[in-house]
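These are the residues of each chain, in order.
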Amino acid sequence: MTYDDIPHLSAKIKPKQQKVELEMAIDTLNPNYCRSKGEQIALNVDGACADETSTYSSKLMDKQTFCSSQTTSNTSRYAAALYRQGELHLTPLHGILQLRPSFSYLDKADAKHREREAANEAGDSSQDEAEDDVKQITVRFSRPESEQARQRRVQSYEFLQKKHAEEAWVHLHYYGLKDSRSEHERQYLLCPGSSGVENTELVKSPSEYLLMLMPPSQEEEKDKPVAPSNVLSMAQLRTLPLADQIKILMKNVKVMPFANLMSLLGPSIDSVAVLRGIQKVAMLVQGNWVVKSDILYPKDSSSPHSGVPAEVLCRGRDFVMWKFTQSRWVVRKEVATVTKLCAEDVKDFLEHMAVVRINKGWEFILPYDGEFIKKHPDVVQRQHMLWTGIQAKLEKVYNLVKETMPKKPDAQSGPAGLVSGDQRIQVAKTKAQQNHALLERELQRRKEQLRAPAVPPGVRIKEEPVSEEGEDDDDEEEPMDTSPSGGLHSRLANGLPPGRAVGTDSFNGHPPPGCASAPVARELRAFVEATFQRQFVLTLSELKRLFNLHLASLPPGHTLFSGISDRMLQDTVLAAGCKQILVPFPPQTAASPDEQKVFALWESGDMSDQHRQVLLEIFSKNYRVRRNMIQSRLTQECGEDLSKQEVDKVLKDCCVSYGGMWYLKGTVQS
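This report concerns the structure included in the present document. (Residues numbered from 1 in each chain as written. Predicted model: local features only at pLDDT ≥ 70, side-chain atom pairs only at ≥ 80, totals over all residues. Heavy atoms only, no water.)

What follows deals with the overall build of the protein. Check the secondary structure of the protein and you find 25 helices and 20 strands. Burial statistics for the protein: of 670 residues in total, 32% are counted as buried. Within the protein, residue pairs in contact and separated by at least 24 positions form 64% of the contacts whose partners lie at least 6 positions apart. When the accessible surface of the protein is summed, it comes to about 43,800 Å², and 54% of that surface belongs to carbon and sulfur atoms. (Helix = DSSP H or I, 4+ residues; strand = E, 2+ residues; numbered from the N terminus. Buried < 20%, exposed > 50% of the residue type's maximum accessible area, 1.4 Å probe, protein only. Contact = heavy atoms within 4.5 Å. Areas by Shrake-Rupley, 256 points an atom, 1.4 Å probe, with all protein chains shown as cover.)

Shown next, in the form of structure tokens:
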């Protein structure tokens with residue numbers, strides 16, 4: 001059925017509210033119309049007696065009302081289009097209304113129902129009472145309405161609804177789609193000009209035309225959701241002033257080297273201006289910049305854990321930062337004892353600038369930036385003076401023992417006044433190892449001098465790489481390992497002093513220039529450490545394969561192309577904190593000697609170090625193990641019931657499963 005076939009259709013409008021109401025007749029003779037339901041609705045709305053005010057005079061729901069609602073407040077992006085004879089005619093729209101069914105008749109039905117219930121209750125109460133009781137009536141006179149009360153009443157919802165209801169409806173006459181008047185009005189949607197010469201505005205590129213047709217909406221830009229505080233858009237960040245950029249970056253990152261900050265700000269930013277701005281929002285700790293405490297904890301804020309005011313939080317966090325200017329390590333219990341703050345607040349401080357190490361404490365999150373210290377001594381001196389003032393305040397507030405700062409500002413990792421027994425032992429071990437290394441180098445130099453006269457001048461002797469099978473024959477040429485902390489924890493691997501490259505050329509007993517140079521050793525160690533951080537267990541064969549792949553990816557002329565022997569590679573692995581696991585291979589094994597040399601990272605700094613160490617000790621006595629044995633041993637050694645996820649993680653890091661048994665990676669022989 002179309003609108004032209006509707007027997008009754010009327011419309012009215014409220015111009016001020018831009019509200020349209022359309023009343024449309026319902027075909028009650030249609031077989032789909034439920035007559036009993038229509039009579040029931042009319043009875044509920046109008047009651048049994050019909051009069052002029054009745055909504056349904058025929059005692060049957062024979063019409064439906066549609067009311068308009070505004071779909072959008074911004075109609076500048078919309079147009080009505082009419083396509084005719086290959087031309088598209090667009091007309092801008094100034095308002096869009098949507099018609100929805102109105103159920104106001106249900107409100108009338110509810111009102112009638114409440115009136116009938118009230119009348120029934122009044123009738124019952126009058127029958128029960130023999131005579132009306134005399135009731136006292138209180139008369140009140142309304143006071144004059146004040147101006148504030150009148151303004152509140154005018155702005156109230158009821159007043160606005162009443163105002164809208166009082167506006168008179170303007171009745172309209174509806175014309176059908178095929179009516180001549182409708183066709184006449186539809187002609188206004190067509191552009192009268194026949195040639196495109198007059199429409200100079202349309203002689204534009206497609207992108208410009210689309211921009212004219214759909215201009216960017218300022219209202220939609222304002223309604224965009226605000227991004228979370230911990231999410232930064234670099235495009236929006238670079239529109240801010242430099243000082244705000246630095247503050248936002250440091251507030252989000254907490255700790256950052258100066259080189260990283262410059263890379264984030266862009267190459268066009270002056271480093272002097274950045275240095276000037278960074279000192280306003282951050283402090284220098286071990287050559288890196290740490291955001292100031294008052295930036296993270298503004299004046300009127302408080303702790304989300306304990307409710308401690310911002311002033312106390314800033315003082316406690318400054319103490320943690322100052323401790324890191326003295327040492328690489330901080331113990332959380334010591335900080336909590338001095339600052340008297342709860343464990344959650346202290347943990348927040350430490351997580352901003354440090355990482356936890358098992359059985360050691362909290363280590364500063366970034367390495368010492370000596371390059372910045374050497375390049376900017378004036379900034380370092382200024383920061384040293386600031387830390388001296390902060391130290392004086394902390395000593396006064398926390399009643400600390402008087403401590404002296406290091407004489408050199410760049411020696412921020414020097415010993416602190418509060419030194420634990422473990423730290424003293426560690427410092428003594430470090431000094432002993434350094435002295436031992438010097439003695440080893442002196443011993444090696446004297447041996448080289450003793451061997452030098454036995455070689456005729458001009459003769460070049462090449463030392464072949466020393467294999468494990470030939471170590472007994474060359475014992476007279478190897479210096480003895482006299483380190484007090486020998487084994488895999490020693491800095492001397494297999495009796496070789498650091499930096500000695502076995503298997504390289506020698507001129508008259510003296511190593512040639514550039515042999516096992518510091519750049520080569522650094523590059524090789526960086527490769528080894530990065531590889532074992534990804535794969536905790538590797539055989540020598542697999543490590544050599546990965547190293548060859550690494551060499552293939554390097555540019556020509558790289559320092560690692562100078563030649564790396566197997567012994568040098570093994571020494572670097574041991575010096576990088578790895579251990580050789582002596583796996584008891586079966587006698588009939590087909591594994592090569594390089595495949596039987598298994599190395600594992602002993603400490604990676606995560607929470608699974610202890611579990612991995614127990615697992616590696618198991619495989620130092622067993623070639624293959626069942627899972628239940630591993631789980632029971634882990635539970636016995638760690639003293640706690642480990643979850644299946646924790647055991648799976650340790651096994652995934654170090655082992656492979658084959659035939660229901662577990663093997664260390666690279667040792668299984670299919």
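A few words now on the sheet that holds strand β18 (residues 598–601). The pairing of strands in a sheet comes from backbone hydrogen bonds and takes either a parallel or an antiparallel form. Spatially, the 3 strands line up as an open sheet ordered β16-β18-β17, and their pairing is antiparallel. In this open sheet, the two edge strands, each paired with only one partner strand, are β16 (537–539) and β17 (578–581). For this sheet, the mean inter-axis angle between neighbouring strands, taken without regard to orientation, is 30°. In terms of strand pairing, β17 meets β18 through 4 bridges, oriented antiparallel. (Pairing = 2+ DSSP bridges. Axes fitted to C-alpha atoms, helices over the stretch in contact; angles between N-to-C directions.)

Read from one edge to the other, the open sheet built from 3 strands follows the order β11-β13-β12, with strand pairing classed as antiparallel. Bordering the open sheet on either side are β11 (329–330) and β12 (354–357), each of which pairs with just one other strand. Inspection of the sheet shows β12 paired to strand β13 (residues 361–364) by 4 bridges, in the antiparallel sense. The residue of β13 that forms the bridge with V356 is W362.

Attention now goes to helix α14 (residues 332–339). Listing the buried residues of α14 in full gives V335, V338 and T339. Down the axis of α14, the buried set is contained in an arc of 85°. They therefore lie on one face. Opposite the buried face of α14, by more than 90 degrees, sit the exposed residues K333 and T337. Close packing links the buried residues of α14 with α13 (310–326), β11, α15 (343–353) and α17 (377–398). K340 sits one or two residues past α14 and shows a positive phi near 60°. (Arc of directions from axis to C-beta.)

Bridge analysis of strand β4 (residues 79–84) against strand β5 (residues 87–92) gives 6 bridges, and the strand direction is antiparallel. If you follow R84 over to β5, its bridge partner there is E87. Between β4 and β5, which follow one another and run antiparallel, lie 2 residues, and Q85 among them has a positive phi close to 55°.

Here we come to the packing of aromatic side chains. On inspection of all chains with the given rule, the structure shows 9 aromatic pairs. Ring centres of F319 and W322 lie 6.0 Å apart, and the angle between their planes is 40°; on these two criteria the pair is classed as tilted. With a gap of 3 residues between them, F319 and W322 both fall in helix α13, about one helical turn apart. Each member of the pair, F319 as well as W322, carries the same accessibility label: buried. Aromatic pair F585 and Y623: ring centres 5.4 Å apart, planes at 45°, arrangement tilted. Of this pair, F585 sits in the loop between β17 and α22 (593–596) while Y623 is found in the loop between α23 (609–619) and α24 (627–638), placing the two residues 38 residues apart along the sequence. Y623 matches F585 in its accessibility class, with the two residues each being buried. Members of the aromatic cluster, connected to one another through ring pairs, are F258, W289 and F372. Seen from the ring of W602, K579 lies directly overhead, with NZ or CZ sitting 3.9 Å from the centre. The ring of F536 carries R612 above its face, with NZ or CZ at 4.0 Å from the centroid. (Phe/Tyr/Trp six-rings, centres within 6.5 Å; stacked < 30°, edge-to-face > 60°. Lys NZ or Arg CZ within 6 Å of the ring centre and 35° of its normal.)

This part takes up helix α20 (residues 540–553). End to end, α20 covers 20 Å across 14 residues, agreeing with the expected 20 Å (1.5 Å per residue, within 8%). Of all the positions in α20, only L540, L543, L546, F547 and L551 are classed as buried. Angularly, the buried residues of α20 cover 145° about the axis, an arc narrow enough to put them on a single face. Set apart from the buried face of α20 by more than 90 degrees, the exposed residues are L549, A552 and S553. Considering only its buried residues, α20 is in contact with α19 (518–534), β16, α21 (566–575), α22 and β18. (Expected span 1.5 Å × (residues − 1).)

This brings us to the packing of α24 against helix α25 (residues 644–654). Each pair of packed helices can be described by the angle between their axes along with the distance between the axes. Closest axis-to-axis distance for the α24/α25 pair is 11 Å, and the angle between their directions is 110°. Taken together, α24 and α25 sit at an angle that is classed as roughly perpendicular. Relative to α25, the crossing made by α24 is right-handed. Touching R627, I630, Q631 and L634 of α24 are K644, V647, D648 and L651, all from α25. The residue makeup of the contact of α24 with α25, split by class, is 4 nonpolar, 1 polar and 3 charged. (Parallel < 35°, antiparallel > 145°, perpendicular 65-115°, else oblique. Left-handed = near helix turned anticlockwise from the far one by under 90°. Nonpolar A, V, L, I, M, F, W, Y, C, P; charged D, E, K, R; others polar.)

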